[in-house]
Amino acid sequence: MIEKLFCANQELHEEVVNAVLQKQYQFNDSEDSLGRFADIVVKLATHQQTDTPQVTKPWVSVFAADHGVAEEGVSDFPQEMTAQWSESICKGEASINALAQYSKLDIEVIDVGLASDISSHAILEVAKVGQATQNFVKRPAMTQEQMLQAMEAGIAAVERAKDSGVDLFIAGELGVANTTSAIAMVSVLSGKAPIELMAMGRSRVLRRERDKAELIERAIELHKEHLNSPLRIMQHLGGFETAALCGAYIRAAQLGMTIVVDGFMSTVAAWLADLVSRNDQLLHCKSVDMMMDLGQFSVPETLFCICGTCPRLVEWCFFSHQSSVNVHEWVLEILAVDPLMKFEIKTGQAFGAAMAVPLLQQACFVHSYLAKFDSEEEESSKRGYELHDQPPFIH
């Protein structure tokens, strides 16, 4: 288990960058004429070790779990909606199913902690850790063993994807009240009070949001003596789906798979995964108990892991979109990443991440298409004439 959590130890292949940039320079009017389209290709090239990257087999894993804190009335939805949303995806009736059909995405739903069971379906994977987390206002959200079991569910999902020949891994989440959990974890990770986070980018904070901030503050006060590492923060304030996402992201980077991160909850999980996988004390970690208490959670100041050779986990990630959650933009800034889109999306279930798949595919296609003509022109030059000098019927 330990070796599958620490160090995103696949190296980025920087040598292909020069080849990609050279091609782009040859067929573009200026160095930055395609803007971030070109950046997408460069990043995928470093992941795939080729100067003509492609996205041919994307995969979506949606982790579903309920949160005990929902009993405090922090969400607009009753807890049973998590199971209903999950079953809707299994039946092919959700918005993510439409995008999956459009972009030919393989999709699975993983029950890591629904409060109730749902009917068996072909795309449903049951890896239930418990029937919802505990209410973290009163006690830790989960035990150490439960958190590690949820992380293993995420690891297993990535390994299934890898065995299927997947070249793009997308993880989504479903869980009523998981935004409250995410804000609690961001508060501890950043040192900002919950009410400060609630107020970001807003002219006023509603009474209900003030109540939620006070509730989160009480929970942090209750657990403060234990919130001394990324894993302890997740254990006490997180969700089963958060832990699954965290494990999945770490394992995907280890296996050299490109990751597309979804919305706010998924971004917080990526932040935790980045911190967990690159701690300076982990090289000498000998036990799970030691692992749990290791690590500071300050913002990394380097692009590389503490081992000095592998990249930060976020270097394996595309952050698909900035969601409607007001604090999401700030968390993205902390991670020093730019989202591909800003669509004010509220739903989870990997919908925003799936929207990004055609964009990545288009960037790769444009690059390969133009590179093909550039190589043809280069070949024709060797034969003593230019491609554009040929009569039209030759094309």
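A brief look at the structure comes next. Source: prediction; values computed, not measured.

**Topic: the packing of aromatic side chains**
And step 1. Tallied over the entire structure, the rule returns 2 aromatic pairs.
And step 2. Taking the centre distance of 5.2 Å and the plane angle of 80° together, the rings of Phe77 and Trp85 count as edge-to-face.
And step 3. For the cation-ring pair, Lys43 lies above Phe318, with the distance from its terminal atom to the ring centre recorded as 5.1 Å.

**Some thoughts on the environment of Lys346**
And step 1. Secondary-structure assignment places Lys346 in the loop between β8 (341–342) and α14 (351–355).
And step 2. Sequence separation between Lys346 and Ser323 is 23 residues; the distance between their C-alpha atoms is 6.2 Å.

**Re the sheet that holds strand β6 (residues 317–319)**
Note on sheets: strands pair through backbone hydrogen bonds, and any given pair is parallel or antiparallel.
And step 1. Taken in spatial order, the 6 strands of this open sheet run β3-β2-β1-β4-β5-β6, and their pairing is parallel. Looking at which strands have only one partner, the edges of the open sheet turn out to be β3 (124–126) and β6. Going across the sheet, the axis of each strand differs from the next one's by a mean of 25°, ignoring polarity.
And step 2. In this sheet, β3 lies alongside strand β2 (residues 106–113) in parallel orientation, the contact comprising 3 bridges. Along β3, the bridge assignment pairs Ile110 with Glu125.

**A closer look at empty space enclosed by the protein**
And step 1. The tally for this structure, following the rule as stated, stands at 2 cavities of 30 Å³ or more.
And step 2. Space inside the second largest cavity adds up to approximately 30 Å³.
And step 3. Forming the boundary of the second largest cavity are Gln24, Leu34, Phe37, Ala38, Val41, Ala363, Val366 and His367.
And step 4. When contributions to the lining of the second largest cavity are tallied by element, the ones reaching two or more residues are α2 (36–48) and α15 (357–382).
And step 5. Of the residues assigned to the lining of the second largest cavity, the class counts are 6 nonpolar, 2 polar and no charged.

**Considering the pattern of salt bridges**
And step 1. The full count for this structure, using the stated rule, is 13 salt bridges.
And step 2. Across the pair Glu71 and Lys138 runs a salt bridge, and its minimum N-O distance is 3.2 Å. Pair noted here: Glu71 is in the loop between β1 (58–65) and α3 (81–90) and Lys138 is in the loop between β3 and α5 (144–163), with a separation of 67 residues, a long-range link.
And step 3. On the basis of relative accessible area, Lys138 is assigned to the partly exposed category, the value being 48%.

**What about the layout of surface pockets?**
And step 1. Roughly 1,000 Å³ of volume is contained in the largest pocket.
And step 2. Lining the largest pocket are 34 residues, with Asp76, Phe77, Thr179, Val325 and Lys346 positioned closest to its centre.
And step 3. For the lining of the largest pocket, the elements supplying multiple residues, two or more each, are β4 (168–174), α6 (178–190), α8 (207–223) and α11 (264–276).
And step 4. Looking at the lining of the largest pocket element by element, the count peaks at 4 residues for α6.
And step 5. Across the lining of the largest pocket, the residue classes tally to 13 nonpolar, 13 polar and 8 charged.

**Quick notes on the pairing of β2**
And step 1. Of all 8 residues that make up β2, 7 are buried, and the element is covered over most of its length.
And step 2. With 7 bridges connecting them, β1 and β2 associate as parallel partners. Pairing of Ala64 across the sheet is with Asp111, part of β2.

**Observations regarding the pairing of strand β5 (residues 258–261)**
And step 1. With burial as the criterion, each face of β5 is covered, one bearing Thr258 and Val260 and the other bearing Ile259 and Val261.
And step 2. Taken together, the 4 bridges between β4 and β5 define a ladder with parallel strand orientation. Its bridge partner being in β5, Ala171 is matched across the sheet by Val261.
And step 3. In terms of strand pairing, β5 meets β6 through 3 bridges, oriented parallel. The partner of Val260 across the bridge, within β6, is Phe318.

About the thresholds
Residues numbered from 1 in each chain as written. Predicted model: local features only at pLDDT ≥ 70, side-chain atom pairs only at ≥ 80, totals over all residues. Heavy atoms only, no water. Phe/Tyr/Trp six-rings, centres within 6.5 Å; stacked < 30°, edge-to-face > 60°. Lys NZ or Arg CZ within 6 Å of the ring centre and 35° of its normal. Helix = DSSP H or I, 4+ residues; strand = E, 2+ residues; numbered from the N terminus. Pairing = 2+ DSSP bridges. Axes fitted to C-alpha atoms, helices over the stretch in contact; angles between N-to-C directions. 1 Å grid on protein atoms, 1.4 Å probe; cavity = no way out; pocket = protein on both sides within 12 Å on 5 of 7 lines; lining within 4 Å. Points joined across faces, edges and corners; volume = space filled by probe spheres on them. Nonpolar A, V, L, I, M, F, W, Y, C, P; charged D, E, K, R; others polar. Salt bridge = Lys/Arg side-chain N within 4 Å of Asp/Glu carboxyl O. Buried < 20%, exposed > 50% of the residue type's maximum accessible area, 1.4 Å probe, protein only.

Honestly, it's all geometry; don't read function into it.
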